[in-house]
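# Examination of the molecular architecture
Below, each chain spelled out in residue letters.
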Amino acid sequence: MPEFDARAILADLRQGKPVSAGALAWFARGLASGEVSDAQAGAFAMAVCLRGLGEEGRVALTRAMLASGGRLDWDLPGPVLDKHSTGGIGDCVSLLLAPALAACGAYVPMISGRGLGHTGGTLDKLEAIPGFRSALSEADLRQQVLECRAAIVSASAEIAPADRRLYAVRDVTGTVESLDLITASILSKKLAAGLEGLVLDVKLGSGAFMKTEAEARALAQALVSTAQGAGCMTTALITDMNQPLAHAAGNALEVIAVMETLTGTSVNPALWDLTTALGGEALALGGLAADAEDGAARIGAALESGAAAEYFGKMIAAQGGPADFVDRWPDRLPAAPVVVPVPCPAAGVVQRIDAEALGQVVVHLGGGRLRGDDRINPSVGLSEIAGLGEVLMAGEPMAMVHAATEAAAQAAVQAVQAAYGLGEAELDPPPLIHARITG
Ligand code: URA
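In terms of regular secondary structure, the chain is built from 17 helices and 12 strands. In terms of C-alpha radius of gyration, the chain reaches 21 Å, essentially the compact-globule figure of 22 Å for 439 residues. Dimensions of the chain, computed from C-alpha atoms along their principal axes, come out at roughly 70 × 50 × 40 Å. Residue burial in the chain is summarised as follows: out of 439 residues, 57% are buried. For the chain, the proportion of contacts with a sequence separation of at least 24, taken over those separated by at least 6, is 78%. When the accessible surface of the chain is totalled, it reaches about 16700 Å², and 52% of it is carbon and sulfur. Computing the positive centroid from 31 side-chain charges and the negative centroid from 49, the chain places the two 7 Å apart.

Structure, rendered in structure tokens:
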């Protein structure tokens, strides 16, 4: 008889009984090896989502998922640093930050995720670039980090394999919003990467998994204390997700926003500010800056000088993308056949945005997955998205829809209109950074 039985573990979780570290380690190994079925993985995610694991269980699950694969160790002439976000809309900071950190002297083995629930995923965005490969072997990842200082890759059969499986299951089973699952998912990847310093972007607001300040704080504290407990210096910023971060949401459309900011053709202020703030924290953790403010200035200089764009180009080419992507990106990205404006139904000031609903619009256009085997359409999504506090006239576009068909575009137009709350009062947009959590 095997030592553990998935059915018994699931029944205990369903009843909110504590589950031993040994049982969680067995389950995580089973996720990685395939011994645990998809149905069992889905039931596990739902039970943890509904009943929680408690602090001890959360730490045990994180360790178990980390131990499902190997852990990289590095011997490099600079610090190994990274950033991870808990997930948002129009949040393409990782694409700017990995090369900017590299340009500032860090090494960045960034193990990222795909779209999750209503949020976009770094890997899906990068795979909008023709030829880009996110699945690298451990040996290729090592080589690339040595040569280009930055790589953005998926979890693999070797690194964080339990998360690779559970992440895909959570994406399509409505089981993302769990402090325990988010902590174990993020940190099993980040600890496996052998980081010396990690900065976490914990999103708060209508487009985040954590909708209230109390939930976001609890997640930030759980992430920071679990990561520090495992020996990785970590800082978290709680940042605003009550509206999309960039003015675009969708895979290729967000790559455009990144390239415009990286190359200085049209800098997005929110992307710039968050990239410099998170990067500043990371450089300070890695000893490459005196403090976060000094670090932010260094990241800003790397963006401004074109050094970050140069590292981005090297990274894209090394991972199979076009060698001339930084110069020729407008010709290289796919475009949707149908592009229509979303007319504002009445004049007013934007008071509220249901950013989760905007994320769902992108998923339903084909930019995310409704089932695990769905193929992403990289070209679809929203651009020119109006922000909080913006004054709009009746009929003025509040966003542009990029769709595969006219019918999909019309459905998206209505959903975008429904996601906005307009009023008469002037409104100051919320601050970008709500709080800073350190160990
Ligand atoms: N990012 C991850 O890698 N996992 C989550 O659960 C949420 C965001």
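Another point: the nonpolar core. Ile129, Met259, Leu262, Phe312, Phe325, Val401 and Tyr420 are the most contacted members of the largest nonpolar core, which totals 81 residues. The greatest single-element share of this core, amounting to eight residues, is contributed by helix 5 (residues 93-103). For this core, the two domains that each supply at least three residues are domain 2 (81-330) and domain 3 (338-423). Counting 42 residues, the second largest nonpolar core, distinct from the first, contains Val153, Val202, Leu223 and Val224.

Extensive coverage of helix 8 (residues 161-171) is indicated by the burial of eight of its 11 residues. Along helix 8, the residues classified as buried are Pro161, Ala162, Asp163, Leu166, Tyr167, Val169, Arg170 and Asp171. Looking at the buried residues of helix 8, the elements they touch are helix 2 (21-33), helix 3 (38-51), helix 4 (54-67) and helix 9 (179-192).

Once that is clear, we can look at the packing of aromatic side chains. On inspection of all chains with the given rule, the structure shows four aromatic pairs. Ring centres of phenylalanine 4 and tryptophan 26 lie 6.2 Å apart, and the angle between their planes is 45°; this geometry places the pair in the tilted category. With phenylalanine 4 in the segment before helix 1 (6-14) and tryptophan 26 in helix 2, the pair connects residues that are 22 residues apart, well separated along the chain. A relative accessible area of 12% places tryptophan 26 in the buried class.

Attention shifts here to the site of the ligand. Taken together, His84, Ser85, Thr86, Leu116, Tyr167, Arg170, Ile182, Ser185, Ile186 and Lys189 make up all the residues around the ligand. The separation between an oxygen atom of the ligand and a polar side-chain atom of arginine 170 is 2.8 Å. Separating an oxygen atom of the ligand from a side-chain N or O atom of lysine 189 is a distance of 2.5 Å. Within the complex, the protein chains bury 97% of what would otherwise be the 230 Å² of accessible surface of the ligand. Elements represented by at least two residues in the shell around the ligand include exactly strand 1 (81-85), helix 8 and helix 9. Here the element with the most residues in the shell around the ligand is helix 9; it accounts for four residues.

With respect to topology, four strands assemble into an open sheet ordered 1-4-5-12, the strand pairing being mixed. Whereas interior strands pair on both sides, the edge strands pair on one side only; in this sheet they are strand 1 and strand 12 (433-438). Across the sheet, the mean angle separating the axes of adjacent strands is 15° when strand polarity is ignored. Here strand 1 runs beside strand 4 (residues 197-204); their pairing, made up of five bridges, is parallel. The residue bridging aspartate 82 from the neighbouring strand is leucine 198, located in strand 4.

As a further point, take the environment of arginine 14. With respect to the secondary-structure elements, arginine 14 resides in helix 1. C-alpha separation for the pair arginine 14 and leucine 50, spaced 36 residues apart in sequence, amounts to 8.1 Å. For arginine 14, the residues in contact, after removing those within four places along its chain, are Ala47 and Arg51.

Each assigned domain of the chain is listed here: domain 1 (6-67), domain 2 (81-330) and domain 3 (338-423). Averaged C-alpha coordinates put domain 2 and domain 3 at centres separated by 24 Å. Each partner contributes to the interface: domain 2 provides 23 residues, whereas domain 3 provides 27 residues. Where domain 2 abuts domain 3, roughly 1800 Å² becomes buried across the two surfaces, and 57% of that area is made up of carbon and sulfur atoms. On the surface where domain 2 and domain 3 come into contact, there are two salt bridges. One salt bridge connects arginine 369 with aspartate 124, and the closest N-O pair in it is separated by 3.0 Å. Joining domain 2 to domain 3, the criterion identifies 11 residue pairs in polar contact (both at pLDDT 80 or more). Top element by residues in the side of domain 2 that touches domain 3 is helix 11 (residues 251-263). It accounts for three residues. Residue composition of the side of domain 2 that touches domain 3, grouped by class: nine nonpolar, 10 polar and four charged.

Examined against the element boundaries, alanine 21 turns out to sit in helix 2. Take alanine 21: its relative accessible area is 48%, and that puts it in the partly exposed class.

Glycine aside, a negative phi is what most residues show, and trans is what most peptide bonds show. The backbone of arginine 149 shows a phi angle near 70°, a positive value even though the residue is not glycine. Residue placement: arginine 149 occurs in the loop between helix 7 (138-148) and strand 3 (150-154). We classify arginine 149 as partly exposed; its relative accessible area is 21%. Non-glycine residue alanine 160 carries a positive phi angle of around 50°.

Take the environment of serine 134 next. The residue serine 134 is located in the loop between helix 6 (122-126) and helix 7 in this model. The sequence separation of serine 134 and methionine 1 amounts to 133 residues, and the corresponding C-alpha distance is 39 Å. Once you skip the residues sitting within four places of it in the chain, serine 134 turns out to touch Arg114, Leu123, Glu127, Ile152, Val153, Ser154 and Gln319. Here arginine 114 takes part through its side chain, which lies 3.4 Å from a polar atom of the side chain of serine 134.

When you line up the elements, asparagine 251 lands in helix 11. Take asparagine 251: its relative accessible area is 3%, and that puts it in the buried class. When residues no more than four places from it in sequence are discounted, the contact partners of asparagine 251 are Gly121, Asp124, Lys125, Ala128, Gly367, Ile376, Asn377, Pro378 and Val380.

Conventions used here
- Residues numbered from 1 in each chain as written.
- Predicted model: local features only at pLDDT ≥ 70, side-chain atom pairs only at ≥ 80, totals over all residues.
- Heavy atoms only, no water.
- Helix = DSSP H or I, 4+ residues; strand = E, 2+ residues; numbered from the N terminus.
- Rg over C-alpha atoms; globule rule 2.2 N^0.38 Å.
- Buried < 20%, exposed > 50% of the residue type's maximum accessible area, 1.4 Å probe, protein only.
- Contact = heavy atoms within 4.5 Å.
- Areas by Shrake-Rupley, 256 points an atom, 1.4 Å probe, with all protein chains shown as cover.
- Lys, Arg positive; Asp, Glu negative; His and termini not counted.
- Charge placed at Lys NZ, Arg CZ, Asp CG, Glu CD.
- Core = buried A, V, L, I, M, F, W, Y, C linked by side-chain atoms within 4.5 Å.
- Domains from an automatic or database assignment.
- Phe/Tyr/Trp six-rings, centres within 6.5 Å; stacked < 30°, edge-to-face > 60°.
- Near = heavy atom within 4 Å.
- Polar contact = N/O pair within 3.5 Å; in protein donor to acceptor, adjacent residues only side chain to side chain.
- Pairing = 2+ DSSP bridges.
- Axes fitted to C-alpha atoms, helices over the stretch in contact; angles between N-to-C directions.
- Buried area = accessible area lost by both parts, 1.4 Å probe.
- Salt bridge = Lys/Arg side-chain N within 4 Å of Asp/Glu carboxyl O.
- Nonpolar A, V, L, I, M, F, W, Y, C, P; charged D, E, K, R; others polar.

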